[in-house]
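Listed below are the residues making up each chain.
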Amino acid sequence: MSRDLCYHCGLPVPDAAGFSVDIGGQPRRLCCGGCQAVARAIVDNGLADYYRQRDALPESPREAMPAALAGLELFDHEGFQKTFVRELDAAEREAALIVEGITCAACIWLIEKHVAAQPGVLGVEINFTSHRARVRWDAAQTKLSAVLAAVAAIGYRAHPYDAARSEALARKERRGALWRVFVAGFGMMQVMMYAVPVYLAGDGEMTPGIESLMRWASLALTLPVVGYSAAPFFRGAWRDLGQRRAGMDVPVAIGVGVAFLASVWATLTASGEVYFDSVTMFVFFLLGGRYLEMTARQRAVGVTEALARLTPAFAARIPGYPGERAVEQLPAAELRPGDVVLVRPGEIIPADGCVVEGRSGADEALLTGESAPVAKAPGAPVIGGALNVDSPLFVRVEQAGDATRLAAIVRLMERASLERPRIVQAADRVASRFILAVLLVAALAAAAWCFVAPAKALWVAVSVLVVTCPCALSLATPVALTVASGALARAGLLVTRGNAVETLARATHFVFDKTGTLTYGRPTLLDVLPLGRLDGASCTALAAGVEHASEHAIGAALREAAGPAAVRVAESANTPGRGMAAVWDGKTVRIGRPDWVGELHGKPLPEAALARLDGAETAVALADAEGWLALFRFGDAIRPDAAAMIAALRAEGLQVALLTGDAAPVAARVARALGIDAVRAGATPQEKHAYVVALQEGGAVVAMVGDGINDAPVLARAQVSVAMGGGAQLARTQADLVLLSENLDHLCRGYRLARRTLRVIRQNLAWSVVLQPGGPAAGDARLRHAVDGRHRHVRQFAAGGAQFTASAAPGRALAWKSSTC
């Protein structure tokens, strides 16, 4: 006698069990008190729709709530939380968790709804692919242990995200998938060994006993393929049918199952045809395609995992710097702004900061895509997660922990993974409708053949189901986008929103901000006009020496230009709004505004210098008591790769515009240098927004590239937006992509890759509808068996777009013919 199954977990209900809960107006029997408690918690919180939406059964609470969760209060310890909890403000906290026990999309819905309803919880988001969760709560109202207890109360487990554990789960998934492919491939090859002699044998050349033996051997070898390798298809089909929807596993499971059962019947009755070889080959090719899809997805996700593992566990802090050089080891999470750390060659920089002592190179390849080490000297910024290559560096920490640029990159990538691109959603909708059409066509074909040749009706229906599996329609689209996102991240262009790749490929107009985007966004020494007894290099070295203590951007530009050649001066003094003064070689020297500097000697500025002042963005003069020494012109230097990038975009047929708040002469100079015709200067944030809206109303798909806070509104308005990696935080959070490397050539490469990705997606959609391939990457095994009278046996199959025909007349050798689809 069959037992009732637990309505919550699906396990058999013991005869003596008296547990039940009213769900949907009906009493539902449950197997134990744990399931009863979980089910009652779900119903009492108004979440009974979970039972209608779920497409798989959860773990039993006996497994979902182990004894280890009895110590949840340990998660409230501040020291323990440093590694995975981020402080957003005085009371708001955010934690990165991994949730176990998730089996379907309804689980995500249930957990998010239940946890969000808890007092003090401000938000919860769960990624179904990785099972990673981000939970925000008010620490004044609740504790992390209460959030974890709420998750456990409905039968799941949540714990701090552990990259090593995540990688272990990914390895387990790969190993299981590879075993399934191996079993299917081994079974396919062995079954084909038994099938080929039957196909090639002429009438009377094979006794019924031998043919029966071949069939039984093929059945034995096909059993593990269907029972083990093809099990995911049957489980997926059962889940889809339980939800009253047609997923792509449904036609596969029906085709494989019917073909296998019909072949078993033919083997038992020694009549009809068997299709064990077709079944095993189809399962093998389909599993091979899915394995390639899984590995591609995991490689792309691995970019995020690799970034998350970059920060070292410990740092070498120097509490007494610069006097004392004693080093103390402490967790990197405990670093604070202002700390000075020692980073030895071959070590990872533990936090964002600036170099205070030492010269070296930093490998920032994984963060920015730059393959060559970046030179670092005193005053140079460093990024946490970069590798120190050459010499020891003393670094003053400016941002640590979750405030670093690396942590922000990881959060943006996780946000992108939570979103489903529109093109993927469209492909899923098309696939669902296509599958329904396939099932209808298969039924109609079987009905028609019942009147023409009833013996073939079943095999015609099976053939329609097998050859029309729309796996490319549902799998190849997200695979292409996932691989593209990973490739862009490795090249330094970070995808932060799911729709970015698709929309970037459709862009018709690229609109650029100037400052910090096409230019460096900081003063750079353009040229030096010597006016006295010293040459240009000597004047630059003297000016850098006078400005050695200045924090002004002009002083930094002079020091950068002079490098180690800067001279030593004494008695440096700053006059706010005017400039710097110092004593050099016994004489007072000034650098700054020309009128203030001229007061030192009382001589007028030469005409050559006056002419230079007219076209300068910024100019400062250098003089001593004897007269003028030099005039320095500064400007926002254009990035060296900007011109090539603009030319490449225009060669692709794109419209390029410059949209800046700078004055018209400055904007015109940059536009002329880069070959940009459309220029809008002096634009406010509102005017930038209106400019993009006007383009969009004309049918343009606008890609906006900017870096400042004033660019945030227009970045949010554009169909696709790109922020510079070194720009304002607000701009980066509004953008769809972040150019971490700040190498504009990477933007061009990213656009071409997005175009190629969209082209591949369209090809996948077209091929999946026209040819109905059974696998997204490895191709499809589509097999037909036909017997041409009593004199010729023919076997045809198609794989990867090529069609092969094997034929043999009685007593003749096997002949092969191939053609390309």
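Residues numbered from 1 in each chain as written. Predicted model: local features only at pLDDT ≥ 70, side-chain atom pairs only at ≥ 80, totals over all residues. Heavy atoms only, no water.

Considerations on the overall build of the protein chain
Right, on to step 1. When you go through the protein chain residue by residue, the secondary structure sums to 28 helices and 33 strands.
Right, on to step 2. Each of the 821 residues in the protein chain was classed as buried or not, and the buried ones make up 50%.
Right, on to step 3. Contacts in the protein chain between residues at least 24 apart in sequence constitute 63% of all its contacts with a sequence separation of at least 6.
Right, on to step 4. Carbon and sulfur atoms form 57% of the exposed surface of the protein chain, whose accessible area is close to 37,600 Å². (Helix = DSSP H or I, 4+ residues; strand = E, 2+ residues; numbered from the N terminus. Buried < 20%, exposed > 50% of the residue type's maximum accessible area, 1.4 Å probe, protein only. Contact = heavy atoms within 4.5 Å. Areas by Shrake-Rupley, 256 points an atom, 1.4 Å probe, with all protein chains shown as cover.)

Some details on the pairing of strand 25 (residues 655–659)
Right, on to step 1. When you tally the buried positions in strand 25, you get four out of five residues, the bulk of the element.
Right, on to step 2. As defined by bridge partners, strand 18 (residues 509–512) adjoins strand 25 across four bridges and the pair is classed as parallel. Bridge assignment links Phe 510 to a residue of strand 25, and that residue is Val 656.
Right, on to step 3. Running through helix 24 (residues 664–674), the crossover from strand 25 to the neighbouring parallel element strand 26 (residues 678–680) is right-handed. (Pairing = 2+ DSSP bridges. Right-handed = clockwise from strand over helix to strand, strands pointing away.)

Overview of the packing of helix 8 (residues 208–229) against helix 10 (residues 249–269)
Right, on to step 1. The N-to-C vectors of helix 8 and helix 10 enclose an angle of 155°; their axes lie 11 Å apart at closest approach. Between helix 8 and helix 10, the crossing angle belongs to the class labelled roughly antiparallel. Our pair here, helix 8 against helix 10, has a crossing hand that is left-handed. Contact with helix 8, carried on its side by Arg 215, Trp 216, Leu 219, Thr 222, Leu 223 and Val 226, involves Val 256, Phe 260, Val 264, Ala 266, Thr 267 and Leu 268 of helix 10 and no other residues of that element.
Right, on to step 2. Grouping the amino acids of the contact of helix 8 with helix 10 by side-chain chemistry returns nine nonpolar, two polar and one charged. (Axes fitted to C-alpha atoms, helices over the stretch in contact; angles between N-to-C directions. Parallel < 35°, antiparallel > 145°, perpendicular 65-115°, else oblique. Left-handed = near helix turned anticlockwise from the far one by under 90°. Nonpolar A, V, L, I, M, F, W, Y, C, P; charged D, E, K, R; others polar.)

A look at the sheet that holds strand 23 (residues 618–624)
Strand-to-strand pairing in sheets goes through backbone hydrogen bonds, with the strands running parallel or antiparallel.
Right, on to step 1. Strand order in the open sheet formed by six strands is 19-24-23-22-21-20, with antiparallel pairing between adjacent strands. The open sheet has two free edges, formed respectively by strand 19 (519–530) and strand 20 (570–575), since each of these has just one partner strand. Across the sheet, the axes of successive neighbouring strands diverge by a mean angle of 20°, strand direction being ignored.
Right, on to step 2. Examined bridge by bridge, strand 19 and strand 24 (residues 627–638) share eight bridges and lie antiparallel to one another. Looking across to strand 24, one finds that Pro 523 is bridged to Asp 636.
Right, on to step 3. Of the strands in this sheet, strand 19, strand 22 (587–592), strand 23 and strand 24 are in contact with helix 20 (residues 553–562), which crosses strand 19 at around 65°.

Some remarks on the pattern of salt bridges
Right, on to step 1. Counted according to the given criterion, the structure contains 15 salt bridges.
Right, on to step 2. When the shortest N-O distance is used, the salt bridge between Arg 134 and Glu 94 registers 3.3 Å. With Arg 134 in strand 6 (residues 132–138) and Glu 94 in strand 4 (residues 92–100), this pair connects stretches of sequence that are 40 residues apart. No difference in accessibility class separates Arg 134 from Glu 94, as the two residues are buried.
Right, on to step 3. Ionic pairing is found between Arg 533 and Asp 624, a salt bridge with its closest N-O pair at 2.6 Å. One end of the pair, Arg 533, is in the loop between strand 19 and helix 19 (536–546); the other, Asp 624, is in strand 23, and 91 residues separate them in sequence. (Salt bridge = Lys/Arg side-chain N within 4 Å of Asp/Glu carboxyl O.)

So, the confidence of the model for the protein chain
Should the pLDDT be low somewhere, the predicted coordinates at that spot are not to be read in detail.
Right, on to step 1. Counting all residues, the mean pLDDT for the protein chain is 75, and 74% of those residues have values of 70 or more.
Right, on to step 2. Here residues 416–421 scores under 50 on pLDDT; set against residues more than four positions off or in separate chains, the count is 17 contacts.
Right, on to step 3. Low confidence marks residues 772–821, where pLDDT is under 50. Its contacts with residues over four positions away, or in another chain, come to 124 contacts. (pLDDT = per-residue confidence, 0-100.)

So, helix 19
Right, on to step 1. Counting buried residues in helix 19 gives nine out of eleven residues, a clear majority hidden from the surface.
Right, on to step 2. Of all the residues in helix 19, the buried ones are Gly 536, Cys 539, Thr 540, Ala 541, Leu 542, Ala 543, Ala 544, Gly 545 and Val 546.

Notes on a positive patch on the surface
Right, on to step 1. Residues Arg 506, Arg 755, Arg 756, Arg 759 and Arg 762 make up a contiguous surface patch of positive charge.
Right, on to step 2. By the element assignment, Arg 756 lies in helix 28 (residues 744–770).
Right, on to step 3. A residue is classified by how much of its surface remains accessible, and Arg 756, at 43% relative accessible area, is partly exposed. (Patch = residues over 30% accessible without salt bridge, like charges linked within 9 Å, V, L, I, M, F, W, Y side chains within 5 Å. Lys, Arg positive; Asp, Glu negative; His and termini not counted. Charge placed at Lys NZ, Arg CZ, Asp CG, Glu CD.)

Topic: the packing of aromatic side chains
Right, on to step 1. Counting across every chain of the model gives seven aromatic pairs.
Right, on to step 2. Taking 5.6 Å as the distance between ring centres and 70° as the angle between the ring planes, the aromatic pair formed by Phe 284 and Phe 285 counts as edge-to-face.
Right, on to step 3. Overall, Phe 284 belongs to the partly exposed group, its relative accessible area being 24%.
Right, on to step 4. You can call Phe 285 buried: its relative accessible area is 17%.
Right, on to step 5. Between Tyr 321 and Phe 394, the ring centres sit 5.6 Å apart and the planes meet at 25°, which makes this aromatic pair stacked. Taken together, the residues Tyr 321 in the loop between strand 8 (314–317) and strand 9 (328–331) and Phe 394 in strand 16 (residues 393–399) connect sequence positions 73 residues apart. Grouping residues by exposure puts Tyr 321 and Phe 394 together as buried.
Right, on to step 6. Over the ring of Tyr 228 we find Arg 180; its NZ or CZ atom is 4.7 Å from the centre of that ring.
Right, on to step 7. One Lys or Arg, Arg 590, reaches over the ring of Trp 596 and ends 4.4 Å from the middle of that ring. (Phe/Tyr/Trp six-rings, centres within 6.5 Å; stacked < 30°, edge-to-face > 60°. Lys NZ or Arg CZ within 6 Å of the ring centre and 35° of its normal.)

So, a nonpolar patch on the surface
Right, on to step 1. Together, Trp 179, Phe 182, Phe 186, Met 189 and Tyr 228 give the surface a local cluster of nonpolar side chains, amounting to about 550 Å² of exposed area.
Right, on to step 2. The element best represented in the nonpolar patch is helix 7 (residues 163–200), accounting for four residues.
Right, on to step 3. Structurally, Phe 182 is set in helix 7.
Right, on to step 4. Given the relative accessible area of 49%, Phe 182 is considered partly exposed.

Digging into the packing of helix 19 against helix 20
Right, on to step 1. Direction vectors running N to C along helix 19 and helix 20 enclose 135°, while the axes themselves pass 8 Å from each other. If you check the angle between helix 19 and helix 20, you find them oblique. Two packed elements cross with a definite hand, and for helix 19 against helix 20 that hand is left-handed. Taken together, the residues of helix 20 that come into contact with helix 19 (itself represented by Thr 540, Ala 541, Ala 543 and Ala 544) are Leu 558, Arg 559, Ala 561 and Ala 562.
Right, on to step 2. Split by residue class, the contact of helix 19 with helix 20 holds six nonpolar, one polar and one charged.

A look at the pairing of strand 1 (residues 19–23)
Right, on to step 1. Note: strand 1 against strand 2 (residues 26–30), five bridges, orientation antiparallel. The residue bridging Ser 20 from the neighbouring strand is Arg 29, located in strand 2.
Right, on to step 2. The turn linking strand 1 back onto strand 2 is made up of two residues, and Gly 24 within it adopts a positive phi angle of 65°.

Concerning unusual backbone geometry
Right, on to step 1. Geometrically, the link from Tyr 321 to Pro 322 is a cis peptide bond, its omega value of 5° lying close to zero.
Right, on to step 2. With respect to the element layout, Pro 322 can be found in the loop between strand 8 and strand 9.
Right, on to step 3. Not every positive phi belongs to a glycine, and Glu 571 is a case in point at roughly 55°.
Right, on to step 4. With respect to the helices, strands and loops of the structure, Glu 571 is situated in strand 20.
Right, on to step 5. Judged by its relative accessible area of 65%, Glu 571 is exposed.
Right, on to step 6. In this structure, Asp 585 is a non-glycine residue whose phi angle is positive, near 55°.
Right, on to step 7. Structurally, Asp 585 can be placed in the loop between strand 21 (579–584) and strand 22.
Right, on to step 8. Asp 585 gets classed as exposed once you look at its relative accessible area, which sits at 61%.

Examining the nonpolar core
Right, on to step 1. In terms of nonpolar packing, the biggest core is built from 39 residues, with Phe 510, Phe 512 and Leu 518 touching the most fellow members.
Right, on to step 2. Grouped together as the second largest cluster of nonpolar side chains are 37 residues, Cys 31, Val 85, Ala 95 and Val 151 included. (Core = buried A, V, L, I, M, F, W, Y, C linked by side-chain atoms within 4.5 Å.)

With respect to helix 10
Right, on to step 1. Given a rise of 1.5 Å per residue, 21 residues ought to cover 30 Å, and the 30 Å separating the end C-alpha atoms of helix 10 matches this to within 8%.
Right, on to step 2. Judged by how many residues are buried, helix 10 sits mostly within the fold: 15 of 21 residues are covered. (Expected span 1.5 Å × (residues − 1).)

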